[in-house]
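Residue-level structural notes
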Amino acid sequence: ELDGLHPRYLIGQVLLKLLPPYSLIRMRMRIFRWVGFQIGHGTAFSGNLNITGIGNIYKRLHIGHNCYFNVDSTFDLSAPITIGNEVAIGHEAILMTNTHQLGPAERRAGPLEAKPIYIDNGAWLGARCIILPGVTVGKGAIVAAGAVVTKDVEPNTIVGGVPAKVIKELDDGQWVSRPVGQWVSQSNSS
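Only a predicted model underlies this, so the values are computations on that prediction, with no experimental measurement involved.

On to the sheet that holds strand E4 (residues 61-63). An order of E1-E4-E7-E12-E15 is seen for the 5 strands of this open sheet, with the pairing classed as parallel. The sheet terminates laterally at strand E1 (38-39) and strand E15 (136-137), the two strands that pair on one side only. Strand direction decides the pairing type here: strand E7 (residues 81-83) and strand E12 (residues 117-119), joined by 3 bridges, are parallel. Across the sheet, the residue bridging to Thr82 is Tyr118, located in E12.

Quick look at the structure:
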């Protein structure tokens, strides 16, 4: 019964709740690191990150460099979640690694089954999207707000809906900043 009790995480949550949203975003990263999670340089948290799971959750979350997390996302760490570099995650996104096998009619929610989630470099997960167990979101892909992702997302695509389907394919062009503050594709900036 105590397998889901994580004292370091609970202490970290108390400290995090003292911080106002959208401020001290690097402090949140330091608290998550202090708790024991692997988080790359330049990653920022605008609000709290709710974490569930049993066992050694600290070894199951790997976050790359220069990622951004908006407020109140939930990560189930029953299996590993790996997030690449430059990933953005919107408000209240849910990454769920835990599910049930199909049981008999007397109890359809059968034995628990955990499958890892992988979010590749440059992906963007919109507000309140749900990523289900075993899903890989490809490099540079976008998951629209509110989407429920039940299967892998190809690189450089936008998916949306319930269940998520491909809406559009994207180019993989690089973006560069202009001095006037406008963003243009590098392929068009000659």
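The discussion continues.
It is characteristic of soluble globular proteins that their nonpolar side chains tend to be buried jointly. Within the largest apolar cluster, 41 residues are counted, with the highest numbers of intra-cluster contacts made by Phe37, Ile83, Ile131 and Val137. Listing elements by their share of this core, those giving two or more residues are helix H1 (7-17), helix H2 (25-35), strand E3 (49-52), E4, E7 and E12. No other element matches the 4 residues that H2 contributes to this core.

This part takes up the pattern of salt bridges. Within the structure shown, the criterion is met by 1 salt bridge. Arg128 is paired through a salt bridge with Glu92; the nearest N and O atoms lie 2.5 Å apart. Remark: Glu92 occurs in the loop between strand E8 (88-89) and strand E9 (94-96) and Arg128 occurs in the loop between strand E13 (124-125) and strand E14 (130-131); sequence separation between them is 36 residues. Given the relative accessible area of 30%, Glu92 is considered partly exposed.

Reading across from one edge, E2-E5-E8-E13-E16-E18-E19 is the order of the 7 strands in this open sheet, with mixed pairing throughout. Every other strand in the sheet has two partners, leaving strand E2 (44-45) and strand E19 (165-169) as the edge strands with one partner each. Here strand E16 (residues 142-143) pairs with strand E18 (residues 157-160) via 2 bridges, running parallel. Bridged to Ile142 within E18 is Ile158.

On to unusual backbone geometry, then. Look at the link from Val162 to Pro163: it is a cis peptide, with omega at -10 degrees. Among the secondary structure elements, Pro163 is positioned in the loop between E18 and E19. At Asp72, a position not held by glycine, the phi torsion is positive, near 60 degrees. Looking at the secondary structure, you find Asp72 in the loop between strand E5 (68-69) and strand E6 (73-76).

This next bit is on the packing of aromatic side chains. How two aromatic rings sit relative to each other is given by the distance of their centres and the angle of their planes. Tallied over the entire structure, the rule returns 6 aromatic pairs. Here the aromatic rings of Phe32 and Phe45 are separated by 4.7 Å at their centres, their planes lie at 45 degrees, and the arrangement is tilted. Note that Phe32 is positioned in helix H2 and Phe45 in strand E2, a separation of 13 residues in sequence. Residue Phe45 is classed as buried on the basis of its relative accessible area of 1%. Consider the rings of Phe37 and Tyr58, whose centres lie 5.3 Å apart with planes at 45 degrees: the pair is tilted. Remark: Tyr58 occurs in the loop between E3 and E4 and Phe37 occurs in the loop between H2 and E1; sequence separation between them is 21 residues. The residues Phe37 and Tyr58 share a single accessibility class, namely buried. Counting every residue linked through ring pairs, the aromatic cluster contains Tyr9, Phe32, Phe37, Phe45, Tyr58, Phe69 and Phe75.

So, how was this worked out
Residues numbered from 1 in each chain as written. Predicted model: local features only at pLDDT ≥ 70, side-chain atom pairs only at ≥ 80, totals over all residues. Heavy atoms only, no water. Pairing = 2+ DSSP bridges. Helix = DSSP H or I, 4+ residues; strand = E, 2+ residues; numbered from the N terminus. Core = buried A, V, L, I, M, F, W, Y, C linked by side-chain atoms within 4.5 Å. Buried < 20%, exposed > 50% of the residue type's maximum accessible area, 1.4 Å probe, protein only. Salt bridge = Lys/Arg side-chain N within 4 Å of Asp/Glu carboxyl O. Phe/Tyr/Trp six-rings, centres within 6.5 Å; stacked < 30°, edge-to-face > 60°.

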